[in-house]
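# Commentary on secondary and tertiary structure
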Amino acid sequence: MREERAIALDHREDYKMKTKLLSGACLLILSTVSAEAFAQNASQSASAAGQVESERKLSTVTVTAEKRDESLLDVGASITAIGEEALAYRDLSNADDISISVPNLSYGEVAGASQITIRGIGLNVETGFAEPAVAVHLNGVYLGRANSAALGLADLASVEVLRGPQGTLYGRNATGGVVNFTTLAPTETFEAGATVGTGSFERLLGRTYLSGPLSESVQGRLFIEYEEDGGYMENRTLSKDEGGKEATTFKADLSWDVSSDVSADLFYLRVNQDWNGPTFEKLVPGALEPLAGFDPEPHSVLNNRDGRSNIDMDVAGLTVNWDAGPVVIRSITGYSEFKRGDTFDGDAMSLDIFASARTESAEAWSQEINILSDYDSQLEWLFGAFYLQEDSFARTDVDGGADAGIIMGIPGLSFTVNQLVEEVDAFGAFADLTYHVNDRFRINLGGRYSEEEKSASQTVNFSGGALALCNDFESTISFDDFTPRIGAEWDATDNTMLYARYQEGFKSGGYNQAGCGSFDPEIVESTEIGLKGEYFDGAMRVTASAFNYDYSNLQVLQIRNSIGFVENAASSSIKGLELEARVALTSRLQSELAVSLLDATYDEFLDGSGADFSENTLSRAPEYTALGALEYEVPSSSGVFGDLRLRGEVFVSDDVFYRPRNAPEDMQESYTLLNAFAALPLADGRYELRLFGKNLTDEEYKTSIIFLVDGLDGHYAPPSTWGLEFSAKW
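Structure report, in brief. Since the structure is predicted, the reported quantities are computational estimates derived from the model, not experimental observations.

What follows concerns the side chain of Ser211. Residue placement: Ser211 occurs in strand β11 (residues 203–213). Polar contacts involving the side chain of Ser211 include one to the side chain of Thr187, which spans 2.8 Å. Look past the residues within four positions of Ser211 in its chain and what remains in contact with it is Ala185, Pro186, Thr187, Thr189, Phe190, Glu191, Gly220 and Arg221.

Put into structure tokens, the structure is as follows:
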């Protein structure tokens, strides 16, 4: 324990130094702001110079983070937005893909379960059917299961990541933040397109879409995608590759202009994925190494069983907007169904000790109503209500194999069965107001009342049912909370906005699947200050923020005796800094920077076994990350080819812990990633050839670490990969 504390103290000293470095960067930005403000009062540049600057201007970024269409620079909150062009160019379609582009966003998967963390807040649950601490929305429809963010949500128009608790406008399970996926809508003119691609590990890709008017008032869109690959993991015991997938995505949209004041948008999405996995890798050998062997090479396993997984997700949503004059009334009706079935090697060894099987399903209906005021009024307001009803089922069977006698004494016996059947009813009512004191200063006030009721039946037994902790144990738990928000925004100059906000977040408690009983809600109290600005005639865009959290009762997964329990840590403190900048250096050359510093520690955490994790670092909370990128357009004089677009990016992450214990073997040391992208348009942009390479230096780094049976297990990130795609539009 002393060694673990020493590691934590060393990290505290490193953090102080890094804070000074980022503080210096912020001072440099403020100096730039001051210089720009001074320049506004100086004489204007020559007209020729002005023409050059106009060519360098960055495009405006519009976001819907506060349920209105607004410029990114007008919203007093930490938001990263990625648009349609960047998503396609950089092959981004899920939370894993976008993680390096967003400060303080960490992503990983354990046995196919998504692990999303923003600013140190996330639920690292590797077993069971837990709800995430980062809320995911698709076209305004809330997706309650973390796995939703891992699926390839193609045909995307934008992705917005809101960092920090979003207890007012989003409420449910948004203590860490929110990820909003928005898909492309039907077009008023006819469009069609197709893409084919290939890549590493026998990747094959095909997608097509058709969009356009069906009548004078109705437009439609169809999208289909198929993708497969052979996997990048080698199973030396079974002499086969693992980790491959076969995925099909179908999406249909209808937009109807009911009248000049009323519009309706309907979408349906279906995703089906078949995986040759999940496959755990043995990271640290245990006492059984002399019998089981050990392969230290990443992406190579000795497991005696291969994994199989089938995932189905259906999502539908209907959004109706009524412009009723001084107000806009919006209704969002959502439906989602999620099903998953897994079988995998439960011990990650060549020995046949445990075979694990997992079945999960969830069906949810949601309804949200928003009433919004006119944009131009001195007092802007939004009132809303939200209701969710969800039924879910989760069951995990762990059966002993031929070698189970080494641990259990009797081979072939059922080791454990755990099952959770749950019904959730959640309600929220919220209000958000912005008062314009004058042309430059605004005050924000908001609040949300939330209540949830959960009813469940729990079953946990061992040794073929000989020992039952609970058997169809039924109970009901309920929670309620009020989460306020207060903030202020000041336009310090024509180009710079400063903001401050206080926001609370609430995540309800729930039931343990692998153990009887329940756990309590978690609460986050957040204070944040920030800067947003656009300088040099729109050639440079900068956002920066500093934040401090008081995090109470955080929900943490612990695994003891092969059983996972969610426990509440007493308290935690989180503070950090973030910086994002994009600069048009010339009309053809742009640079991008995203830097984060984070200090996330447990103030008090005495777990159920008596271990003291106080002052340790939270899981998936590296003390710094940085992304630097350059994009350049190579001019073309050819009548056949357009301008070649190139992008290179470097991502650096500090050490990251994956378990509260913070032992050296629980940590992934700092690592660096190099990615490159190229796009070459042909024939006036109707055709395009895209090439990308990710993790070009083949960096070997872990994305999860857990304990199964013996030693430590987990996953490595994919090795170096490449992809080639050809697209056509009509």
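Turning to a nonpolar patch on the surface, a few remarks are in order. A cluster of nonpolar residues, Phe190, Leu210, Leu222, Ile224, Phe250 and Tyr268, forms a patch on the protein surface that exposes about 550 Å² of accessible area. Here Leu222 lies in strand β12 (residues 218–229).

Look at the link from Gly277 to Pro278: it is a cis peptide, with omega at 10°. Along the chain, Pro278 falls in the loop between β16 (262–275) and β17 (281–284). At His299, a position not held by glycine, the phi torsion is positive, near 65°. One non-glycine residue, Asp698, lies in the positive phi region at around 55°. For Asp698, the location among the structural elements is in the loop between β40 (687–694) and β41 (702–706).

In terms of nonpolar packing, the biggest core is built from 30 residues, with Val159 and Phe181 touching the most fellow members. Look past the residues within four positions of Val159 in its chain and what remains in contact with it is Thr80, Ala81, Ile82, Leu87, Ile98, Val179, Asn180 and Phe181.

Here we come to the pairing of strand β5 (residues 113–118). In terms of burial, β5 is largely enclosed, as six of its six residues are buried. Residues of β5 alternate between two faces, with Ala113, Gln115 and Thr117 on one and Ser114, Ile116 and Ile118 on the opposite face, all of them buried. Here strand β4 (residues 105–110) runs beside β5; their pairing, made up of six bridges, is antiparallel. Each bridged residue has a counterpart across the sheet, and for Glu109 the counterpart in β5 is Ser114.

Moving on, we get to the packing of aromatic side chains. Applying the stated rule across the entire model yields 13 aromatic pairs. Measuring from ring centre to ring centre gives 5.4 Å for Phe547 and Tyr549, while their planes differ by 40°; the resulting arrangement is tilted. When sorted by exposure, Phe547 lands in the same class as Tyr549, which is buried. Both rings, one in Phe651 and one in Tyr671, keep their centres 6.4 Å apart while their planes meet at 55°; by these two values the pair is tilted. In this pair, Phe651 sits in strand β36 (residues 644–653) while Tyr671 sits in strand β39 (residues 671–682), placing the two residues 20 residues apart along the sequence. For Phe651, a relative accessible area of 8% corresponds to the buried category.

Definitions and limits used
Residues numbered from 1 in each chain as written. Predicted model: local features only at pLDDT ≥ 70, side-chain atom pairs only at ≥ 80, totals over all residues. Heavy atoms only, no water. Helix = DSSP H or I, 4+ residues; strand = E, 2+ residues; numbered from the N terminus. Polar contact = N/O pair within 3.5 Å; in protein donor to acceptor, adjacent residues only side chain to side chain. Contact = heavy atoms within 4.5 Å. Patch = residues over 30% accessible without salt bridge, like charges linked within 9 Å, V, L, I, M, F, W, Y side chains within 5 Å. Areas by Shrake-Rupley, 256 points an atom, 1.4 Å probe, with all protein chains shown as cover. Salt bridge = Lys/Arg side-chain N within 4 Å of Asp/Glu carboxyl O. Core = buried A, V, L, I, M, F, W, Y, C linked by side-chain atoms within 4.5 Å. Buried < 20%, exposed > 50% of the residue type's maximum accessible area, 1.4 Å probe, protein only. Pairing = 2+ DSSP bridges. Phe/Tyr/Trp six-rings, centres within 6.5 Å; stacked < 30°, edge-to-face > 60°.

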